[in-house]
Amino acid sequence: MTNIGDFNAGHGAEAVGLRNLKAVHWNLEAPRLYEEALARAEGLLARGGALVATTGSHTGRSPKDKFVVRDASTEAEIWWDNNGAITPEQFETLYQDFLTQAEGRELFAQDLYGGADPAHRVKARVFTEFAWHSLFIRNLLIRPARSEIAAYVPDLTIIDLPSFQADPARHGCRSKTVIAIDFARKLVLIGGSAYAGEMKKSVFTYLNYILPGQGVMPMHCSANAALDAEGGSAVFFGLSGTGKTTLSNDSSRQLLGDDEHGWSPEGIFNFEGGCYAKTIRLSRNAEPEIYATTERFGTVMENVVIDPLSRVPDFDDASLTENTRCAYPLDFIANASSTGRAAHPKNIVMLTCDAFGVMPPIAKLTGAEAMYHFLSGYTAKVAGTERGLTGPEATFSTCFGAPFMPRHPSTYGNLLRDLIAKHDVDCWLVNTGWTGGGVGTGRRMPIRVTRRLLGAALDGSLSKTEFRRDPYFGFAVPVSVPGVEPHVLVPYKTWQNKAAFAETATRLVSMFKENFKRFEAHVDDDVKAAEPSAQAIAA
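What you see is a predicted model, and the numbers here were worked out from it, not measured in a lab.

Colleague: Could you clarify how one ought to interpret the UniProt feature "binding site: Mn(2+)" (unreviewed entry) in the protein chain in this entry?
Modeller: Cross-referencing UniProt, the feature "binding site: Mn(2+)" (unreviewed entry) maps to Lys201, His220 and Asp259 in the present numbering. The annotated residues occupy 59 residues of the chain but converge on a single region, no pair of C-alpha atoms lying more than 10.1 Å apart. Mapped onto the secondary structure, Lys201 falls in helix H5 (residues 197-210). A residue is classified by how much of its surface remains accessible, and Lys201, at 8% relative accessible area, is buried.

The following block contains the structure:
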């Protein structure tokens, strides 16, 4: 086996069982990875310098193909209603078949960190079959100083082989695609998918498993902080497509990260060292910071269509998928934090993409209401973020990240409730979905409206305004906000058909109530009382 690059010679590929490899390329940086990717015809060079790759049939995550080893250590710890299970024997068979698949191949390895707080980080070593995957994960996680590599010993190892085809009968999985996690062995196997996001979400899943035991709340959120110490930080919960990345990129505030953070007794910290932004219909005017990253050497663009001659990206082209993406190091954003850490948040924002178009653009939540909506996790899955999804679909994804939550939602909900109370945090529910009607009749909430409302929430002025009670959901909605048309704050006024609005809102309330039945045994009475009620509808 030939080893190329810097690594801990005493803890190489053999430590995880990889054998008879042609070569391992260790910790290569962007220029070398570009050379390797282009030489292997893995991607194309776009005008401006980004590397463009496609992912084949998998243009989003495959949550139904994700499995956790069910053994004595996980039996009572994992939320099995939400996580697929395989036996230790099935995982071992899968593992040995992965090792066989890797024989004779050249692999790329990156030694990285998940977690900006040294007290709560995980050392994640990622082996990939593709050079562009190695650049992707190098962009997305935290890159150690070169001097730290010689003594690096991983806490978690990921082996990513898109060429591997799983056998459901042999491996206990569902299809030829598999994402298998053995928490006891601290090992993740990803096969049958070239979608690079599976790697970063595997690190997130691992942190979601281990951090609650350390008193740290793992969060599927973006985060930013005021430029002055008094302004405090803000956390933005939300699933893909709800605006986490876009809304946290605010030139008037410092960006911590766009997707995954922890909340410890010391404050909040980013899990990652990069961003993974959606680029479909990306606009230089609306999102200048993100747009600029697509014109930089080192950025990886995923499933973005480019002109074959000019190599100029067409961000309006969704012929491959709606889930086009770019992955770039955090320092590509001018106002990004160099530490990835900030003080305790003063505001929590729960982002929802309301596909029905009946929720207001912003509402202020009590602590009990925040717990209710965190556990509910109402949003709409947006086309392309999961395989087979072609249009928005209303869903309830608890903790705004059910696919990545190995433990029961009450574990995370109780941690969040206690932190909100301890630090006196203002909580907001923000709808970035539809207004004036649901999907097909209404329109997406204008981003300028959302930014204006968020600005007022984060600077503290919105808390001081007059509020009304929403007649369907019961939470507090501002009566007026400078710069926002008053009717936008009252959803039924944006609908032409008022009877259709009432019917749709009532139906969504019923969905909330039905969904929350599974959590009623795990919450206090004040949280149960926060759900939409028949009395509220009658009002």
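Colleague: Would you explain the state of the cysteines in this entry?
Modeller: Disulfides are covalent bonds that link the sulfur atoms of two cysteine residues. Scanning all chains against the criterion turns up zero disulfides. Cys221 provides the cysteine sulfur closest to Cys353, a residue in no disulfide bond, and the two sulfurs are 18 Å apart. Among the residues examined, Cys353 registers a relative accessible area of 0% and is labelled buried. Cysteine Cys399 is unpaired, with the sulfur of Cys221 as its nearest cysteine sulfur at 12 Å. The exposure class of Cys399 is buried, given its relative accessible area of 1%.

Colleague: Is there a simple way to explain the packing of helix H1 (residues 30-39) against helix H3 (residues 131-140) in this structure?
Modeller: If you want to describe how two helices pack, look at the angle between their axes and the distance between the axes. For the pair H1 and H3, the least separation of the axes is 8 Å and the interaxial angle reads 155°. Our classification of the angle between H1 and H3 gives roughly antiparallel. Where H1 crosses over H3, the two elements pack in a sense that is left-handed. Contacts between H1 and H3 involve Ala30, Leu33, Tyr34, Glu36 and Ala37 from the former and Ala131, Trp132, Ser134 and Leu135 from the latter. Per-class residue counts for the contact of H1 with H3 are seven nonpolar, one polar and one charged.

Colleague: Is there a simple way to think about unusual backbone geometry in this case?
Modeller: Peptide bonds are mostly trans, and most non-glycine residues show a negative phi. Despite not being glycine, Asn303 has its phi angle at roughly 60°, a positive value. Within the secondary structure layout, Asn303 lies in the loop between strand S18 (300-302) and strand S19 (305-306). One non-glycine residue with positive phi stands out, namely Phe400, at about 55°. Mapped onto the secondary structure, Phe400 falls in the loop between strand S26 (393-396) and helix H9 (409-423).

Colleague: Sorry, what's going on with the side chain of Asn270 here?
Modeller: For Asn270, the location among the structural elements is in strand S16 (residues 267-270). Looking at Asn270, its side chain comes within polar contact range of the main-chain oxygen of Leu256, at 2.8 Å. Here Glu272 takes part through its backbone oxygen, which lies 2.9 Å from a polar atom of the side chain of Asn270. With near-sequence residues (within four places) excluded, Asn270 lies in contact with Gly115, Ala116, Ile142, Leu256, Gly257, Glu260, His261, Leu330 and Gly340.

Colleague: Explain the sheet that holds strand S3 (residues 44-45) here, please?
Modeller: The strands that make up a sheet are held in pairs by hydrogen bonds between backbone atoms, and each pair lies either parallel or antiparallel. The five strands lie next to each other as S3-S4-S18-S21-S17, forming an open sheet whose pairing is mixed. Edge positions in the sheet fall to S3 and strand S17 (274-278), since each has one partner strand and no second. For S3 and strand S4 (residues 51-53), the ladder comprises two bridges, and the chain directions are antiparallel. Pairing of Leu44 across the sheet is with Val52, part of S4.

Colleague: Explanation requested: the packing of aromatic side chains in the structure shown.
Modeller: Each aromatic ring pair is specified by the distance between its two centres and by the angle formed by the two planes. This structure, assessed with the given rule, holds 26 aromatic pairs. Judged by centre distance (5.6 Å) and plane angle (55°), the rings of Phe269 and Phe271 are tilted. Of the two residues, Phe269 and Phe271, neither departs from the other in class, the shared state being buried. Note on Tyr492 and Phe501: the rings are 6.3 Å apart at their centroids and 55° apart in plane angle, and the pair reads as tilted.

Colleague: Explanation requested: the nonpolar core in the structure shown.
Modeller: Most often, soluble globular proteins have nonpolar side chains that are buried together. One finds Phe237, Ile348, Met350 and Phe374 to be the most contacted residues of the largest nonpolar core, which totals 52 residues. Contributing elements (two or more residues each) for this core: strand S12 (217-226), strand S13 (233-237), strand S23 (345-352), strand S24 (362-365), helix H8 (367-376), H9, strand S27 (426-431) and helix H11 (498-516). Apart from residues lying up to four places away in sequence, Met350 is in contact with Phe237, Leu365, Ala370, His373, Phe374, Phe400, Leu416, Trp428, Leu429 and Val430. Counting residues in hydrophobic clusters, the runner-up holds 49 residues, among them Ala30, Leu135, Ile190 and Val203.

Conventions and cut-offs
- Every residue gets a number counted from 1 within its own chain, in the order that chain's sequence is written.
- In view of the model being predicted, local features appear only for residues whose pLDDT reaches at least 70, and side-chain atom pairs are presented and counted only at 80 or more, with totals across whole chains, interfaces and linings using the full set of residues.
- Here the side-chain values reflect all heavy atoms present in the structure, with hydrogen atoms and water set aside.
- UniProt positions are given in the numbering used here, feature names are shortened, and annotations may be inferred rather than shown by experiment.
- Every helix listed is a DSSP run of H or I at least four residues long, and every strand listed is a run of E at least two residues long, numbered separately from the N terminus.
- The buried label applies to any residue whose accessible area, calculated with a 1.4 Å probe on protein chains only, is under 20% of its type's maximum; exposed applies above 50%, and partly exposed to all values in between.
- Criterion for a disulfide: a pair of cysteine sulfur atoms at a distance within 2.5 Å.
- Axes here mean lines fitted to C-alpha atoms, for a helix over just the part in contact, with angles spanning 0 to 180 degrees between N-to-C directions.
- Note on angle classes: values under 35 degrees are labelled roughly parallel, values over 145 roughly antiparallel, values of 65 to 115 roughly perpendicular, and the remainder oblique.
- Each crossing gets its hand from how the near helix is turned against the far one by less than a right angle, where anticlockwise is left-handed and clockwise is right-handed.
- Whether two residues are in contact is decided by their heavy atoms, any of which lying within 4.5 Å being enough.
- Throughout, the ten residues Ala, Val, Leu, Ile, Met, Phe, Trp, Tyr, Cys and Pro are labelled nonpolar, Asp, Glu, Lys and Arg are labelled charged, and all others, Gly among them, are labelled polar.
- Two N or O atoms form a polar contact when they lie within 3.5 Å of each other; inside protein one atom must be a possible hydrogen donor and the other a possible acceptor, and for residues adjacent in sequence the pair counts only when both atoms belong to side chains.
- Think of it this way: DSSP has to see at least two bridges between two strands before they count as a pair.
- Classification of ring pairs uses Phe, Tyr and Trp, with its six-membered ring standing for Trp, and accepts pairs whose centres are within 6.5 Å; under 30 degrees between planes counts as stacked, over 60 as edge-to-face, and the remaining range as tilted.
- As used in this record, nonpolar core signifies buried Ala, Val, Leu, Ile, Met, Phe, Trp, Tyr and Cys residues forming a set joined through side-chain atoms within 4.5 Å.

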